[in-house]
Amino acid sequence: MSAVTPPTPHHALEPRHVKFDWQHTPVQWLPGDAFATHTINVLHLLFPAGELWFCRVYNKVLPQITDPQVHADAKGFMRQEAIHARSHEGVLKHYYQTHGIDTGPFTDKIDHLFKHFLGEAPFGFKIGHTRFWIRQQLGTIAALEHFFGYLGNWVLNAKGLDEAQADPMMLDLLRWHGAEEVEHRMVAYTLFKHMGGNYLERVLHMLLVMGILLSLIYQGNRFMMKADPQRPRLVGFLRGWRDSAKAGHLPALGHVIAAAARYFGPRFTPGDEGDTAQALAYLASSPAASAAQHGGSYRG
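All of the points below concern the structure found in this document. (Residues numbered from 1 in each chain as written. Predicted model: local features only at pLDDT ≥ 70, side-chain atom pairs only at ≥ 80, totals over all residues. Heavy atoms only, no water.)

### Quick look at a nonpolar patch on the surface
Right, on to step 1. A cluster of nonpolar side chains, contributed by L200, L204 and L207, occupies part of the molecular surface with about 310 Å² of accessible area.
Right, on to step 2. Relative to the elements of secondary structure, L200 occurs in helix 8 (residues 199-227).
Right, on to step 3. For L200, a relative accessible area of 58% gives the class exposed. (Patch = residues over 30% accessible without salt bridge, like charges linked within 9 Å, V, L, I, M, F, W, Y side chains within 5 Å. Areas by Shrake-Rupley, 256 points an atom, 1.4 Å probe, with all protein chains shown as cover. Salt bridge = Lys/Arg side-chain N within 4 Å of Asp/Glu carboxyl O. Helix = DSSP H or I, 4+ residues; strand = E, 2+ residues; numbered from the N terminus. Buried < 20%, exposed > 50% of the residue type's maximum accessible area, 1.4 Å probe, protein only.)

Here is the structure:
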């Protein structure tokens, strides 16, 4: 008889109050690859509004959660997401402004997406507090979190970023955030199911999220490449992604699509994406997280 693997002990989610100093980070923080730099930079445009929207939805649903463990995990998730939003907002305020880049024309679109299309009155219908709409919001968050968990696992293992000598401050931000995405990867999906989410909704949410994310990444890359004061050469999107992926600076586009496809599996579980032990090991060594633990900020 084969040995039965004991269940992984439950891991309590705690916020890490990290701070970053952007005054020495160059506009193209990944040397020699403006395309990958500005593709990843789309996350800074997306996360402040997106993750605060996560928190608003979770605040709304907390009183309806009947399982104490799911409730505790949801609160821990919210605290981490709020710090993610604040940290990426710092990139917008300090990193981009330092380099004379006005991100407002693009981030205004992101704000509209989360406040209106995914907000409390989509297309003017005031359904924000109906159980149906709350479940759709939770399902959209779960689908997004699957992508972010995948990307978090990728960035923790992206040796190409180290070999390219990426800016250490930016790399620590990405890996700290990525590690926390891996750490809390079960929360959004578990809450969606707890609130009655079903398989058909899960499929529809992922299709929606795939369309939104791919569109935003494409538009955001074009926006940032044109806004870059160093005026990098604008290359075709698919060609640029292919070349950056070959260098190890982005995940292969086929792997990203395959990650989305896994979400359609009837037996899918986010626990199969990433390694909690690896994520916690990085969080224990992250300069920003270590500084936060001792009441300071990482200045490089």
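Additional details are given in the paragraphs that follow.
### With respect to the packing of helix 4 (residues 131-156) against helix 7 (residues 187-194)
Right, on to step 1. Running from N to C, helix 4 and helix 7 point in directions that differ by 155°, and their axes come no closer than 8 Å. Regarding the angle of helix 4 to helix 7, the classification is roughly antiparallel. As for how helix 4 packs across helix 7, the hand of that crossing is left-handed. Contact residues: helix 4 offers R135, L138, G139, I141, A142 and E145, while helix 7 offers A188, Y189, L191 and F192.
Right, on to step 2. Counted by class, the contact of helix 4 with helix 7 contains 7 nonpolar, 1 polar and 2 charged residues. (Axes fitted to C-alpha atoms, helices over the stretch in contact; angles between N-to-C directions. Parallel < 35°, antiparallel > 145°, perpendicular 65-115°, else oblique. Left-handed = near helix turned anticlockwise from the far one by under 90°. Contact = heavy atoms within 4.5 Å. Nonpolar A, V, L, I, M, F, W, Y, C, P; charged D, E, K, R; others polar.)

### Section: the packing of helix 1 (residues 34-61) against helix 6 (residues 168-183)
Right, on to step 1. Between helix 1 and helix 6, whose axes approach to 12 Å, the crossing angle comes to 50°. Classed by the angle they form, the pair helix 1 and helix 6 counts as oblique. As helix 1 packs across helix 6, the resulting crossing turns out to be left-handed. Together, I40, H44, F47 and E51 of helix 1 and M170, L173, L174, H177 and E181 of helix 6 make up the contact between the two elements.
Right, on to step 2. For the contact of helix 1 with helix 6, the class distribution of residues is 5 nonpolar, 2 polar and 2 charged.

### Topic: the packing of aromatic side chains
Each aromatic ring pair is described using two quantities: the centre-to-centre distance and the angle formed by the ring planes.
Right, on to step 1. Inspection of every chain in the model, using the stated rule, returns 17 aromatic pairs.
Right, on to step 2. Here F47 and F148 contribute two aromatic rings whose centre-to-centre distance is 5.0 Å and whose plane-to-plane angle is 80°, an arrangement assigned as edge-to-face. Remark: F148 occurs in helix 4 and F47 occurs in helix 1; sequence separation between them is 101 residues. Each member of the pair, F47 as well as F148, carries the same accessibility label: buried.
Right, on to step 3. Aromatic pair W53 and F114: ring centres 5.3 Å apart, planes at 40°, arrangement tilted. With a gap of 61 residues between them, W53 in helix 1 and F114 in helix 3 (residues 104-117) connect regions that are remote in the sequence. In terms of burial, W53 and F114 fall into one category: buried.
Right, on to step 4. Among the aromatic residues, those joined into a cluster by ring pairs are F20, W22, Y95, Y96 and W176.
Right, on to step 5. The lysine or arginine in question, R202, covers the ring of Y263, its NZ or CZ lying 5.6 Å from the ring centre. (Phe/Tyr/Trp six-rings, centres within 6.5 Å; stacked < 30°, edge-to-face > 60°. Lys NZ or Arg CZ within 6 Å of the ring centre and 35° of its normal.)

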